[in-house]
Amino acid sequence: MRILAIESSCDETACAVVEDGVNVLSNIVATQIDEHKLYGGVVPEIASRRHCENISTVVAEALKESNCTLSDIDAIAVTYAPGLIGALLVGISYAKGLALSTGKPLIAVHHIAGHIAANYISHPELKLPYLCLVVSGGHSHIVEVRDYTKYHVIGRTRDDAAGECFDKVARTLGYEYPGGKHIDSASKLGNPDAFKLPKPKVQGSEFDFSFSGLKTAVINTVHNAAQKGETINREDMAASFQKTISEILVEKTMKAAEEYGYTTIGLAGGVSANSGVRNALQEACDKRGYKLFMPEFRYCGDNAAMIGCQAYFDYIAGKRAGQDLNGIATLSLDKLSE
Ligand code: KG4
Ligand code: ZN
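What this report covers is the structure whose coordinates are included nearby. The structure presented is a predicted model; accordingly, all values stated were derived computationally and were not measured.

### What to know about the site of ligand 1
Part 1: What surrounds ligand 1 is a group of 19 residues, the closest being His115, Gly137, Asp167, Asp184 and Gly270.
Part 2: Backbone polar atom of Gly163 to an oxygen atom of ligand 1: 3.1 Å apart, as the coordinates give it.
Part 3: Between ligand 1 and Asp184 there is a distance of 2.9 Å, counted from a nitrogen atom to a side-chain nitrogen or oxygen.
Part 4: For the shell around ligand 1, the elements supplying multiple residues, two or more each, are helix 4 (111-122), helix 5 (162-172) and helix 6 (180-187).

Set out below in structure tokens:
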């Protein structure tokens, strides 16, 4: 079964053709980062406009690269939640148009479910259920993936998402948006023990995250130094921050695995590209004899192949969307299992 999938929830206009869930025939991503970085973050109005301009070309490219025409496609999939509403609506409208004009079924995919599904492309041998740490620009979750379409969120962020925290710390250190990858590279040159940073405690759930205290500690250290006319070594700060946030993410995930009895662990979302997080999680899993699955780098950030993969499992589970499909800016993964 061949699915043409569209992703436009944030600042990448993406289209992929995916066969039987895991065989990626094409995966085109048109990024808008160069324009948004002038403003230090994604500007929703600009994102929507660029999606409108790019989507036809991106879809045509994805078809061409897969050596398919629309008649070779069995279903159309699109990200419908969560995301920037104007950005989502561009992909949704385009997908609805394609489904209507070709008479093919339409499948609505949850963006975070898509990130989780990236692991099935990279590791078809991954057996469910398992526990997944999802860390992206907008979300940080510890999720029980009970089956391909059923999720239970055990922990979530109370404030900033992990990627957001990386980006804000990067901005404070003078790196351009999105700063996660710059922190990652700088960390390789710095001393991770140079600064002692806090690991904020969260009242209520031991599996929820809070990163604002960590972010504020970095900002205060940098600003206090500036007020004294000093500069801190930014590679050292990047390395210390990356080590601390990796430890927080890994400690909570390991605790959740123990408490819920999981020995198979997954990692997903844009921050899953981070070398500190990957290494720390690998080390913790090796120590306990757990199996760890992480997406290949090309499927860590936003892409449509992951949406095409999840759409296949949604399709098998009988999920179909109609022409009344709308975008939803905020929608918990838990809601999909109700
Ligand atoms: O999943 P994603 O592409 O978009 C959302 O769904 O939000 O995640 C984007 C986030 C950004 O915050 C970006 O800085 C972060 O992922 N990111 C990284 C790395 N590569 C991307 N963070 C840390 N280290 C990286 N290597
Ligand atoms: Zn994403």
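### Remarks on the side chain of Ser272
Part 1: With respect to the element layout, Ser272 can be found in the loop between strand 9 (264-268) and helix 9 (275-288).
Part 2: Its relative accessible area of 0% is what places Ser272 among the buried residues.
Part 3: Within the local environment of Ser272, its side chain forms a polar contact with the backbone oxygen of Gly269, the two atoms lying 2.5 Å apart.
Part 4: If we ignore the near neighbours within four places in the chain, the residues touching Ser272 are Val135, Leu267, Arg278, Pro295 and Cys300.

### Regarding the environment of Pro105
Part 1: Locating Pro105 in the fold gives a position in the loop between helix 3 (85-102) and strand 5 (106-110).
Part 2: When its relative accessible area of 26% is taken as the criterion, Pro105 is described as partly exposed.
Part 3: Between the C-alpha atom of Pro105 and that of Ile3, which follows or precedes it by 102 residues, the distance is 9.8 Å.
Part 4: With residues near it in sequence (within four places) discarded, Pro105 still touches Asp74, Ala75, Ile76, Tyr315 and Arg320.

### Quick notes on the layout of surface pockets
Part 1: For the largest pocket, the calculated volume is near 1,400 Å³.
Part 2: Mapped onto the lining of the largest pocket, the elements with two or more residues apiece are strand 3 (23-31), helix 4, helix 5 and helix 6.
Part 3: Looking at the lining of the largest pocket, the element that brings in the most residues is helix 5, giving seven residues.
Part 4: Here the residues of the lining of the largest pocket are counted per class, giving 17 nonpolar, 19 polar and 11 charged.

### Some words on helix 8 (residues 234-260)
Side chains three or four residues apart in an α-helix point the same way, a direct result of the helix having 3.6 residues per turn.
Part 1: Here helix 8 contains 27 residues, and its C-alpha end-to-end distance of 39 Å stays within 8% of the 39 Å for a straight helix at 1.5 Å per residue.
Part 2: Structurally, the start of helix 8 carries an N-cap: the backbone nitrogen of Glu235 is 3.0 Å from a side-chain oxygen of Asn233.
Part 3: Where helix 8 terminates, the next one or two residues include Gly261, which has phi positive at roughly 75°.

### A closer look at the pattern of salt bridges
Part 1: Summed over the entire model, instances satisfying the criterion amount to 19 salt bridges.
Part 2: Among the ionic pairs, Arg49 bridges to Glu45, the shortest N-O distance being 2.6 Å. Pair noted here: Arg49 and Glu45 are both in helix 2 (residues 44-65), with a separation of four residues, about one helical turn.
Part 3: Residue classification places Glu45 among the partly exposed residues on the basis of a relative accessible area of 46%.
Part 4: The partner of Lys199 in a salt bridge is Glu251, with the nearest N and O atoms 3.0 Å apart. Placement of the pair is Lys199 in the loop between helix 6 and helix 7 (212-227) and Glu251 in helix 8, with a sequence separation of 52 residues.
Part 5: Taking relative accessible area as the criterion, Glu251 reaches 44% and is therefore assigned partly exposed.
Part 6: Bridged by salt links that share partners, the residues Asp193, Lys199, Lys243, Glu247 and Glu251 form one connected network.

About the thresholds
Residues numbered from 1 in each chain as written. Chains lettered and ligands numbered in written order. Predicted model: local features only at pLDDT ≥ 70, side-chain atom pairs only at ≥ 80, totals over all residues. Heavy atoms only, no water. Near = heavy atom within 4 Å. Polar contact = N/O pair within 3.5 Å; in protein donor to acceptor, adjacent residues only side chain to side chain. Helix = DSSP H or I, 4+ residues; strand = E, 2+ residues; numbered from the N terminus. Buried < 20%, exposed > 50% of the residue type's maximum accessible area, 1.4 Å probe, protein only. Contact = heavy atoms within 4.5 Å. 1 Å grid on protein atoms, 1.4 Å probe; cavity = no way out; pocket = protein on both sides within 12 Å on 5 of 7 lines; lining within 4 Å. Points joined across faces, edges and corners; volume = space filled by probe spheres on them. Nonpolar A, V, L, I, M, F, W, Y, C, P; charged D, E, K, R; others polar. Expected span 1.5 Å × (residues − 1). Salt bridge = Lys/Arg side-chain N within 4 Å of Asp/Glu carboxyl O.

So, to be careful, I would describe these as geometric facts and stop short of saying anything about function.
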